[in-house]
Amino acid sequence: MTAELSVRELSVRFPLRGGRAVAAVTGVSFDLAPGECLAMVGESGCGKSVLASALLGLLPGNARVGGAALLDGLDLLTAGEKELARRVRGRRIALVPQSPASHLTPVRTVRSQLEETVRELTGASGPKLRGAAGAAAERAAFPAGHLDRYPHQLSGGLAQRAATALALVGEAPLLIADEPTTGLDRDLVDRTADELRRHVDAGRGLLLITHDLAAAERIADRVAVMYAGRIVELTDAAGFFDAPGPRHPYARGLLEALPERSFTPVPGMPPELDDLPAGCAFAPRCDRATDACAAVPALAGSRSGAVACHHAYSHAPETADA
Ligand SMILES: Nc1ncnc2c1ncn2[C@@H]1O[C@H](COP(=O)(O)OP(=O)(O)OP(=O)(O)O)[C@@H](O)[C@H]1O
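Below is a short write-up of the structure. (Residues numbered from 1 in each chain as written. Predicted model: local features only at pLDDT ≥ 70, side-chain atom pairs only at ≥ 80, totals over all residues. Heavy atoms only, no water.)

A look at the overall build of the chain
Part 1 of the reasoning: Counting its regular elements, the chain contains 10 helices and 12 strands.
Part 2 of the reasoning: What you see for the chain is a C-alpha radius of gyration of 20 Å, in line with the 20 Å of a compact globule of 322 residues.
Part 3 of the reasoning: Dimensions of the chain, computed from the C-alpha atoms along their principal axes, are close to 70 × 45 × 35 Å.
Part 4 of the reasoning: Classification of the 322 residues of the chain by burial places 51% in the buried group.
Part 5 of the reasoning: As displayed, the chain has an accessible area near 14400 Å², and 53% of this comes from carbon and sulfur atoms.
Part 6 of the reasoning: Here the chain contributes 34 positively and 38 negatively charged side chains, and the mean placements of these two sets differ by 7 Å. (Helix = DSSP H or I, 4+ residues; strand = E, 2+ residues; numbered from the N terminus. Rg over C-alpha atoms; globule rule 2.2 N^0.38 Å. Buried < 20%, exposed > 50% of the residue type's maximum accessible area, 1.4 Å probe, protein only. Areas by Shrake-Rupley, 256 points an atom, 1.4 Å probe, with all protein chains shown as cover. Lys, Arg positive; Asp, Glu negative; His and termini not counted. Charge placed at Lys NZ, Arg CZ, Asp CG, Glu CD.)

Quick word on the pattern of salt bridges
Part 1 of the reasoning: By the definition in use, this model includes 20 salt bridges.
Part 2 of the reasoning: Note that glutamate 171 is salt-bridged to arginine 139, the shortest N-O span being 3.8 Å. Pair noted here: glutamate 171 is in the loop between α6 (156-168) and β7 (174-178) and arginine 139 is in helix α5 (residues 126-139), with a separation of 32 residues, a long-range link.
Part 3 of the reasoning: The partner of arginine 218 in a salt bridge is aspartate 194, with the nearest N and O atoms 2.8 Å apart. Remark: aspartate 194 occurs in helix α7 (residues 186-201) and arginine 218 occurs in helix α8 (residues 213-219); sequence separation between them is 24 residues.
Part 4 of the reasoning: With a relative accessible area of 32%, aspartate 194 lands in the partly exposed category.
Part 5 of the reasoning: Each member of the salt-bridge network shares a partner with another, and the members are Arg186, Asp190, Asp194, Asp212 and Arg218. (Salt bridge = Lys/Arg side-chain N within 4 Å of Asp/Glu carboxyl O.)

Observations concerning unusual backbone geometry
Glycine aside, negative phi is the norm for most residues, and most peptide bonds take the trans geometry.
Part 1 of the reasoning: For the bond running from alanine 243 to proline 244, omega is 5°, close enough to zero to count as cis.
Part 2 of the reasoning: In this structure, proline 244 sits in the loop between α9 (237-241) and α10 (249-256).
Part 3 of the reasoning: Positive phi, normally seen in glycine, also occurs at phenylalanine 263, with a value near 60°.
Part 4 of the reasoning: Its place among the elements puts phenylalanine 263 in the loop between α10 and β11 (300-302).

Describing the packing of aromatic side chains
Part 1 of the reasoning: Enumeration over the complete set of coordinates arrives at four aromatic pairs.
Part 2 of the reasoning: Plain terms: the ring middles of phenylalanine 240 and phenylalanine 241 are 5.0 Å apart, the flat faces sit at 85° to each other, and that makes the pair edge-to-face.
Part 3 of the reasoning: Residue phenylalanine 241 is classed as buried on the basis of its relative accessible area, which comes to 5%.
Part 4 of the reasoning: Pairwise contacts between aromatic rings join Tyr227, Tyr250 and Phe282 into one cluster.
Part 5 of the reasoning: A cation sits over an aromatic face here: arginine 252 above tyrosine 313, 4.0 Å from the ring centre.
Part 6 of the reasoning: Sitting above the plane of the tyrosine 313 ring, arginine 288 keeps its charged end 3.6 Å from the centroid. (Phe/Tyr/Trp six-rings, centres within 6.5 Å; stacked < 30°, edge-to-face > 60°. Lys NZ or Arg CZ within 6 Å of the ring centre and 35° of its normal.)

Observations regarding the site of the ligand
Part 1 of the reasoning: Around the ligand, the structure places 14 residues, and the nearest of them are Ser44, Gly45, Cys46, Ser49 and Val50.
Part 2 of the reasoning: The separation between an oxygen atom of the ligand and a polar side-chain atom of serine 44 is 2.4 Å.
Part 3 of the reasoning: At 2.7 Å from an oxygen atom of the ligand is found a side-chain nitrogen or oxygen belonging to serine 49.
Part 4 of the reasoning: If you list the elements that add at least two residues to the shell around the ligand, you get β2 (21-32) and α1 (48-56). (Near = heavy atom within 4 Å. Polar contact = N/O pair within 3.5 Å; in protein donor to acceptor, adjacent residues only side chain to side chain.)

Concerning the sheet that holds β7
Part 1 of the reasoning: The sheet built from eight strands is open, its strands ordered β6-β7-β8-β3-β9-β10-β12-β11 with mixed pairing. Each edge of the sheet is formed by a strand with only one pairing partner; in this case those strands are β6 (93-96) and β11. Between one strand axis and the next, the sheet turns by 15° as a mean value, whatever way the strands run.
Part 2 of the reasoning: Sheet topology note: the β6/β7 ladder contains four bridges and is parallel. Its bridge partner being in β7, valine 96 is matched across the sheet by alanine 177.
Part 3 of the reasoning: Here α7 sits on the sheet and contacts β3 (37-41), β6, β7 and β8 (205-210); the angle it forms with β8, its principal contact strand, is near 150°. (Pairing = 2+ DSSP bridges. Axes fitted to C-alpha atoms, helices over the stretch in contact; angles between N-to-C directions. Contact = heavy atoms within 4.5 Å.)

Points about the nonpolar core
Note that soluble globular proteins tend to have their nonpolar side chains buried in a common cluster.
Part 1 of the reasoning: Counting residues in hydrophobic clusters, the biggest one holds 60 residues, and the most contacted among them are Val41, Leu114, Phe142, Leu206, Leu208, Val225 and Phe241.
Part 2 of the reasoning: For this core, the leading source of residues is α6, giving seven residues.
Part 3 of the reasoning: In contact with leucine 208, other than residues within four places in its own chain, are Cys37, Leu38, Ala39, Met40, Ala177, Pro180, Leu196, Ala215, Ala216 and Ile219.
Part 4 of the reasoning: Residues Leu51, Ala52, Ala79 and Ile209 belong to the second largest nonpolar core, which totals 38 residues. (Core = buried A, V, L, I, M, F, W, Y, C linked by side-chain atoms within 4.5 Å.)

Regarding the environment of glycine 239
Part 1 of the reasoning: Relative to the assigned elements, glycine 239 resides in helix α9.
Part 2 of the reasoning: Beyond its immediate stretch of four places on either side in the chain, glycine 239 contacts Pro244, Gly245 and Pro246.

In short, geometric facts, not functional conclusions.
Set out below in structure tokens:
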């Protein structure tokens, strides 16, 4: 089973007292095809997790959501909780969680947790149940010999695989991984990323939410850079991480901040999402800003490369388009 995700003009607001609101996500549009990994990157607080929660119908009750998110024709934003619980979460979309330790139940073995999830999703029982739980473990490369262990008896890597196995029980065609490599050492980051990529190569779509650009570079086909709740660049990963590089000044800054590049942080701080500047939200930190930046730039370009900037770098790095 495959699934095509099409998100259009997704916005999430959290109303505050006094008529103000946190603009957590604004006008986000992207497509995700089967067998494709889209990495959503950006600094902490830019709206990545809120976006994932919106797609899973897991936003808090005070959230105000606009736009559309079609998964094979079903609008995830307007579907009822019953539909999402019965047909979508676990079955059409699986969440690979940020912290496996907090996702796994500490007092039950991995096998018992897998079997319970299989029972819930498929109604299987007896030997069929045991077989399906074993198959889910195998899909996530979780060793059969460790199935009767408790979460605290697992290494960080095996706990991540156990959480991934739980997510994969329903064989959902779309995976959302929210910071799946947080807290792991580099070697484990690479292995976790490679395992996620295997699921993509098997035909699943993967939305990888991360601030770990190295993990994104390792497995993503396309990259979306978020800043202050908006996608500011959406482009093929190869041309983003290698030549010709990103076109948005913020995206360039993010890459240059990496220790293996120039290790220069983007100056300044991101704006508060309940007090966004008029116009381009990055302009106060941008050395290319001009009066034109008083108007919010639209994301413009093609599927292989789009940027929201009045002064985007052209593909010859020293010159500007505008
Ligand atoms: N229930 C809520 N009420 C008000 N504001 C919220 C709520 N949930 C999230 N926010 C705000 O939405 C913004 C986006 O948060 P989000 O968690 O999506 O960022 P993020 O990019 O995933 O960051 P991180 O990498 O730290 O998880 C933040 O400013 C956050 O404070």
